Amino acid sequence: MDATECPARGRRTGTVSVDLSVNDEQYGYYRCDALIVATPSGSTAYNYAAGGPVVSPSARTMVITPVAPMAGIGRSVVLGTGDRGSLRIAPDSPPVDVDVDGTPSAELGPGRVLTVCLREDAGQVVRFSAGRHARRSQIKLSLLDLPMRRDQLLGLFPEHLRPPTTGPALEREDPW
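Throughout what follows, the structure given in this document is the object of discussion.

**Points about the overall build of the chain**
Next up, step 1: Within the chain one finds 3 helices and 11 strands.
Next up, step 2: In the chain, the succession of helices and strands from N to C terminus is β-β-β-β-α-β-β-β-β-β-β-β-α-α.
Next up, step 3: Looking at the 176 residues of the chain, the share that counts as buried comes to 34%.
Next up, step 4: Within the chain, contacts between residues separated by at least 24 positions form 59% of all contacts whose residues are at least 6 apart in sequence.
Next up, step 5: Approximately 10,800 Å² of the chain is accessible, and the part contributed by carbon and sulfur atoms is 52%.

Given below as structure tokens:
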């Protein structure tokens, strides 16, 4: 899979029912509104919103996360570099729309299989500053719901964007 995230969902009517196999071993099944398969780069989008983990960009993994699970596997499954996941659309499932990075890609009917595996050479990412990337990600995620205190949040902002710590500004209401 070349994408950073690949949601598979019912045609906006009902739930999907999908059987998961990892390396040809039956793992279980999902009955949910949608399934998300994400790489570390895609793990902070729909995957995170659906309750999946934030995965470090240095990890060579992919994560499969159910959206609004009703039965079967209710949590994310993390697969490693050499793992191959097979998602077989169950006989009782409606057709499933597959989107790759937000672009409609395919429709799979009952019995069809979507195979996912991590491709090491799928893309090249250039980062000029790993620290800056990490701080930016922390800020974006902290504003959502990660448990951080105000002083921890303040430390994530560049010095020139922080509120003054002395002077008349302190007499006003807390800016945070």
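Next, the rest of the story.
**Remarks on the sheet that holds strand β3 (residues 25-32)**
Next up, step 1: Ordered in space as β6-β3-β2-β8-β11, the 5 strands form an open sheet in which the pairing is antiparallel. With one partner strand each, in any of the chains shown, β6 (71-72) and β11 (113-117) form the two edges of the open sheet.
Next up, step 2: Relative to β6, β3 runs antiparallel, the two being bridged by 2 bridges. Along β6, the bridge assignment pairs R31 with A71.

**Overview of the environment of V78**
Next up, step 1: You can see V78 is positioned in strand β7 (residues 77-80).
Next up, step 2: Along the chain, V78 and V55 lie 23 residues apart, while their C-alpha atoms are 9.5 Å from each other.
Next up, step 3: For V78, the contacting residues outside a window of four places in its chain are T61, M62 and V63.

**Notes on the pattern of salt bridges**
Next up, step 1: Applying the stated criterion across every chain, the model contains 2 salt bridges.
Next up, step 2: Residue D24 is joined to R84 by a salt bridge in which the shortest nitrogen-to-oxygen separation is 2.7 Å. Residue D24 is found in the loop between β2 (16-22) and β3, and its partner R84 is found in strand β8 (residues 84-89); the two are separated by 60 residues along the sequence.
Next up, step 3: Take D24: its relative accessible area is 60%, and that puts it in the exposed class.
Next up, step 4: One salt bridge in this structure joins D92 and R31, with 3.5 Å as the shortest N-O distance.

**Comments concerning the side chain of S21**
Next up, step 1: With respect to the helices, strands and loops of the structure, S21 is situated in strand β2.
Next up, step 2: With relative accessibility at 16%, the residue S21 sits in the buried group.
Next up, step 3: Polar side-chain contacts of S21 include one of 3.4 Å to the side chain of Q26.
Next up, step 4: Once residues lying within four places of it in the same chain are set aside, the contact partners of S21 are Q26, Y27, R84, G85 and S86.

**Some remarks on the nonpolar core**
Next up, step 1: In this structure, L20, Y30, L35 and I64 are the most contacted members of the largest nonpolar core, which totals 19 residues.
Next up, step 2: By residue number, the principal contributor to this core is β2, which donates 4 residues.

**Focus: the pairing of strand β10 (residues 103-108)**
Next up, step 1: Sheet analysis places strand β9 (residues 96-100) next to β10, joined by 5 bridges and oriented antiparallel. If you follow V100 over to β10, its bridge partner there is T103.
Next up, step 2: Counting the residues that bridge the hairpin from β9 to β10 gives 2 residues, and of these D101 lies at a positive phi of roughly 50°.

**Looking at the pairing of strand β5 (residues 61-67)**
Next up, step 1: β5 sits mainly inside the fold: 6 of its 7 residues count as buried.
Next up, step 2: The sheet contact formed by strand β4 (residues 34-38) and β5 spans 5 bridges and is antiparallel. Paired with A38 across the two strands is V63, which belongs to β5.
Next up, step 3: Bridge count between β5 and β7: 4 bridges; the pairing is antiparallel. By the bridge assignment for β7, V63 is matched with V78.

Scoring rules and cut-offs
- Residues numbered from 1 in each chain as written.
- Predicted model: local features only at pLDDT ≥ 70, side-chain atom pairs only at ≥ 80, totals over all residues.
- Heavy atoms only, no water.
- Helix = DSSP H or I, 4+ residues; strand = E, 2+ residues; numbered from the N terminus.
- Buried < 20%, exposed > 50% of the residue type's maximum accessible area, 1.4 Å probe, protein only.
- Contact = heavy atoms within 4.5 Å.
- Areas by Shrake-Rupley, 256 points an atom, 1.4 Å probe, with all protein chains shown as cover.
- Pairing = 2+ DSSP bridges.
- Salt bridge = Lys/Arg side-chain N within 4 Å of Asp/Glu carboxyl O.
- Polar contact = N/O pair within 3.5 Å; in protein donor to acceptor, adjacent residues only side chain to side chain.
- Core = buried A, V, L, I, M, F, W, Y, C linked by side-chain atoms within 4.5 Å.

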